[in-house]
Amino acid sequence: MYKGIGASPGIAVGKALLLKKEDIIIERKSIRNEMEENERFHKALDKTKEQIEEIKKNTGAAQQEIMDAHLMILEDPELIGGVEGAVNAEKINAEAALQGVIDTFVAIFESMDNEYMRERAADIKDVGQRIMMNLLGKEHPNLAKLKEPVVIVAHDLTPSDTAQLDRENVLGFVTEIGGRTSHSAIMARTMEIPAVLGLKAITQQIKNGDILVFDGEEGIVLVNPEEPVIQQYTEKRVKLAEEKQALRKLLNSNTISKDGKKVELGGNIGNPRDAQKAHESGAEGIGLYRTEFLYMDRTSLPSEEEQFEAYKAVLEIMGERPVVIRTLDIGGDKELPYMNLPKEMNPFLGYRAIRICLDQKEIFKTQLRALLRASVYGNLKIMYPMISSLEEVRAANGIMEEVKQELNNERKEWSSDIEVGIMIEIPAAAVISDILAMEVDFFSIGTNDLIQYTTAVDRMNEKIAHLYNPFNPAVLRLIKQVIDNGHKAGKWVGMCGEVAGDKRLIPVLLGMGLDEFSMSAGAILPARKQIQALSYEEMKALADQVLQLGTAEEIEKLLCE
Ligand code: PEP
Ligand code: MG
């Protein structure tokens, strides 16, 4: 039995699919038969073409465009001629010839002045890697389209890998690194795929085809267990599904405590499909749309039109219900390779989110234009991430004003009653939340980052996961302070960090007066059931009691009783 971090609840029983990241070493070998070598190369090209066509069939429009570009690279006479030429002239193996041609192409594209052309280098690398895997006869599993149901075992899954996962066939995933609030974990919860993270060296202990049984809540993974154990977990899975079904009767009820305190439960989403799911899971709104996922898994920035369509889709799904769309929050574990941002020593403290948007104004303006134009299709609220000062709020609002002016000049419509709020996820913002409250319409507390910045504990680092503690009294005091400061200025205060959906903390947050709780779709109905059974007055007293305690341990003990 292995015990890791339970990152996304649910029971999975299935065959392991091991994703091993091997370091490919390309040997340069002399060959005798050039014709045979060129034939091998052409077979690899054909196979690559088939694979790309297959991916193309199963993805959306944006991804299809990229795949078309990849198909064009495959047919490029300079690529084909370059490899054949090297094989014939130097009498070397196709792998070495291909490596040489790809490296040259990439270097040429990366040195071009035109940004669009520079971004194409990533496509060439990607296609080159695919051809190489086929030449070497190595499997290149397509995570978006798997042949059978599997449990994925990998060193790491990036947020963009996770976004692509074949929802039908991925029963769950297990990784060696990552914490509960890494974005792959958050996405797994949104997609309701069970996940266990932080299992060191697990890729060396599991073989392809091993039967894995795992519990994404407890963080337990069993390898090839006896039949009665499989039976026991299968029964648990059936029971969980029944409980979930029973909660559906709360789908259209309000979220009101026993003594009449009403709060709102929102969904956290990464794309329009998640919005549909949140809607069907009882969400009274969208409390956080992480728009950065729209920027991932591609090789250039999304256009204004593409963004407009995505935002409009979410607003239309939610109708009159509020939709909080957060502007680009890239950085930390969410990378955009095509932006060619330099590697940083401390990416979570680095050049990211609103800092990039205020620096590269055109990227920000494109997004704001798309948001404002979409605003007429629903109840939009715009939120800036990673705010640490009043200056940033003012600068962002200044750009918003410019964009509104431009749209007016172009006679393009936008709604005049959009609320604009900020994430409170940096302690500096929490400390001056009384001042910030005067300049914004709402706050949404981002506990995922607030915990890591307040306690100086990296949210991604499994080695210190035990120190990443939502019961930390300093964090809870900051949360209370933010709620009070928001209310004093007459503003509503929500929370979209993972704490908002944590059943152990929901009672205290209710008692502190939190107005809106935003969480992954699967957590909404259980939270509604819980709140309907609580008394607000009693929870106020509980919150007061919690705020007097000095250690996380005491707080956890009190709340878990
Ligand atoms: C947070 O930090 O709590 C948050 C909701 O944002 P993200 O998890 O995307 O950083
Ligand atoms: Mg954050």
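Residues numbered from 1 in each chain as written. Chains lettered and ligands numbered in written order. Predicted model: local features only at pLDDT ≥ 70, side-chain atom pairs only at ≥ 80, totals over all residues. Heavy atoms only, no water.

A. A look at the coordination of the magnesium ion (ligand 2). Coordination of the magnesium ion (ligand 2) by the protein is provided by Glu425 (OE) and Asp449 (OD), with metal-donor distances spanning 2.0 to 2.1 Å. With a gap of 24 residues between them, glutamate 425 in the loop between strand E13 (419-424) and helix H16 (427-431) and aspartate 449 in helix H18 (residues 447-455) connect regions that are remote in the sequence. Classification of glutamate 425 as buried rests on a relative accessible area of 2%. (Donors = N, O, S within 2.8 Å, 3.2 Å for Na, K, Ca; no water. Helix = DSSP H or I, 4+ residues; strand = E, 2+ residues; numbered from the N terminus. Buried < 20%, exposed > 50% of the residue type's maximum accessible area, 1.4 Å probe, protein only.)

B. Just the nonpolar core, in detail. Grouped together as the largest cluster of nonpolar side chains are 119 residues, with contacts concentrated most on Ile152, Tyr384, Ile479 and Phe517. The two domains that each donate at least three residues to this core are domain 1 (2-21 + 142-247) and domain 3 (251-560). Setting aside chain neighbours within four positions, we find phenylalanine 517 in contact with Val263, Glu264, Leu265, Gly266, Met495, Ala500, Ile506, Leu509 and Leu510. Listed in part, the 32 residues of the second largest apolar core include Leu45, Ile73, Ile92 and Ile124. (Core = buried A, V, L, I, M, F, W, Y, C linked by side-chain atoms within 4.5 Å. Domains from an automatic or database assignment. Contact = heavy atoms within 4.5 Å.)

C. Broad picture of the site of ligand 1. Taken together, the neighbourhood of ligand 1 is formed by 16 residues, with His183, Arg290, Arg326, Asn448 and Arg459 sitting nearest. With respect to ligand 1, the side chain of lysine 334 contributes an N or O atom lying 3.1 Å from an oxygen atom. Glycine 446 is positioned such that a nitrogen or oxygen atom in its backbone is 3.3 Å from an oxygen atom of ligand 1. The fraction of the free accessible surface of ligand 1 (290 Å²) that becomes covered by protein chains is 100%. Put simply, the parts of the chain that give the shell around ligand 1 at least two residues each are helix H7 (183-191), strand E10 (285-290) and H18. The class makeup of the residues in the shell around ligand 1 is four nonpolar, five polar and seven charged. (Near = heavy atom within 4 Å. Polar contact = N/O pair within 3.5 Å; in protein donor to acceptor, adjacent residues only side chain to side chain. Areas by Shrake-Rupley, 256 points an atom, 1.4 Å probe, with all protein chains shown as cover. Nonpolar A, V, L, I, M, F, W, Y, C, P; charged D, E, K, R; others polar.)

D. The arrangement of the environment of lysine 15 in detail. Checked against the element boundaries, lysine 15 lands in strand E3 (residues 11-19). In this structure lysine 15 comes out as partly exposed when scored by relative accessible area, which is 35%. When the C-alpha atoms of lysine 15 and glycine 172 are compared, they prove to be 10 Å apart, with 157 residues separating the residues in sequence. Ignoring any residue separated from it by four or fewer positions in sequence, one finds lysine 15 in contact with Glu148, Val150, Val151, Gly209, Asp210 and Ile211. Only 3.3 Å separates the side chain of lysine 15 from the side chain of glutamate 148, close enough to count as a polar contact.

E. The arrangement of the domain arrangement of the protein chain in detail. Domain boundaries in the protein chain define domain 1 (2-21 + 142-247), domain 2 (34-136) and domain 3 (251-560). Put simply, the middle of domain 1 and the middle of domain 3, counted by C-alpha atoms, are 27 Å apart. With 22 residues of domain 1 at the contact, the number on the domain 3 side is 25 residues. Summing both sides of the interface, domain 1 and domain 3 together bury roughly 2100 Å²; the carbon and sulfur share of this comes to 54%. The largest share of the area that domain 1 buries against domain 3 comes from Thr181, His183 and Leu247, three residues that together contribute 31% of it. On inspection of domain 1 and its partner domain 3, the count reaches four salt bridges. (Buried area = accessible area lost by both parts, 1.4 Å probe. Salt bridge = Lys/Arg side-chain N within 4 Å of Asp/Glu carboxyl O.)

F. The pattern of salt bridges, seen in detail. Following the criterion strictly, the structure yields 41 salt bridges and no others. Glutamate 292 serves as the salt-bridge partner of lysine 334, at 2.8 Å between the closest nitrogen and oxygen. In this pair, lysine 334 is assigned in the loop between strand E11 (322-326) and helix H13 (353-359) and glutamate 292 in helix H11 (residues 292-295), connecting sequence segments 42 residues apart. On the basis of relative accessibility, which here comes to 1%, the residue lysine 334 falls in the buried class. On the basis of relative accessible area, glutamate 292 is assigned to the buried category, the value being 0%. For the salt bridge of glutamate 556 with arginine 504, the shortest nitrogen-to-oxygen distance reads 4.0 Å. You can see glutamate 556 sitting in helix H23 (residues 552-560) and its partner arginine 504 sitting in the loop between strand E15 (492-495) and helix H20 (506-512), a full 52 residues away along the chain. Accessibility expressed as a relative area gives 30% for arginine 504, which makes it partly exposed. Each of the salt bridges in this network shares a partner with another, and the network as a whole consists of Glu304, Glu305, Lys361, Lys365, Arg369, Arg373, Glu402, Glu406, Glu410 and Lys412.

G. The arrangement of H7 in detail. Most of H7 sits out of view: nine of its nine residues are buried. Listing the buried residues of H7 in full gives His183, Ser184, Ala185, Ile186, Met187, Ala188, Arg189, Thr190 and Met191. Positive backbone phi, approximately 55°, marks glutamate 192, located one or two places after H7.

H. Highlighting the packing of helix H14 (residues 361-374) against helix H15 (residues 390-409). The geometry of H14 relative to H15 is characterised by a closest axis approach of 9 Å and an angle of 60° between their N-to-C directions. Considering the angle they form, H14 stands oblique to H15. Between H14 and H15 lies a crossing of right-handed hand. Contacts between H14 and H15 pair Lys361, Phe364, Lys365, Leu368, Arg369, Leu372 and Arg373 from the former with Ala396, Ile399, Met400, Glu402, Val403, Lys404, Glu406 and Leu407 from the latter. For the contact of H14 with H15, the class distribution of residues is eight nonpolar, no polar and seven charged. (Axes fitted to C-alpha atoms, helices over the stretch in contact; angles between N-to-C directions. Parallel < 35°, antiparallel > 145°, perpendicular 65-115°, else oblique. Left-handed = near helix turned anticlockwise from the far one by under 90°.)

I. Representation of the sheet that holds strand E8 (residues 220-223). Strand order in the open sheet formed by eight strands is E1-E8-E7-E3-E4-E5-E6-E2, with mixed pairing between adjacent strands. Edge positions in the sheet fall to strand E1 (2-3) and strand E2 (5-8), since each has one partner strand and no second. By the bridge criterion, four bridges tie strand E7 (residues 211-215) to E8 in an arrangement that is antiparallel. Its bridge partner lying in E8, phenylalanine 214 is registered against valine 221. Relative to the sheet, H7 contacts E2, strand E5 (170-175) and strand E6 (195-197), its axis offset from that of E2 by approximately 50°. Against the sheet, helix H9 (residues 227-247) makes contact with E3, E7 and E8, and its axis sits at roughly 115° relative to E3, the strand it touches most. (Pairing = 2+ DSSP bridges.)

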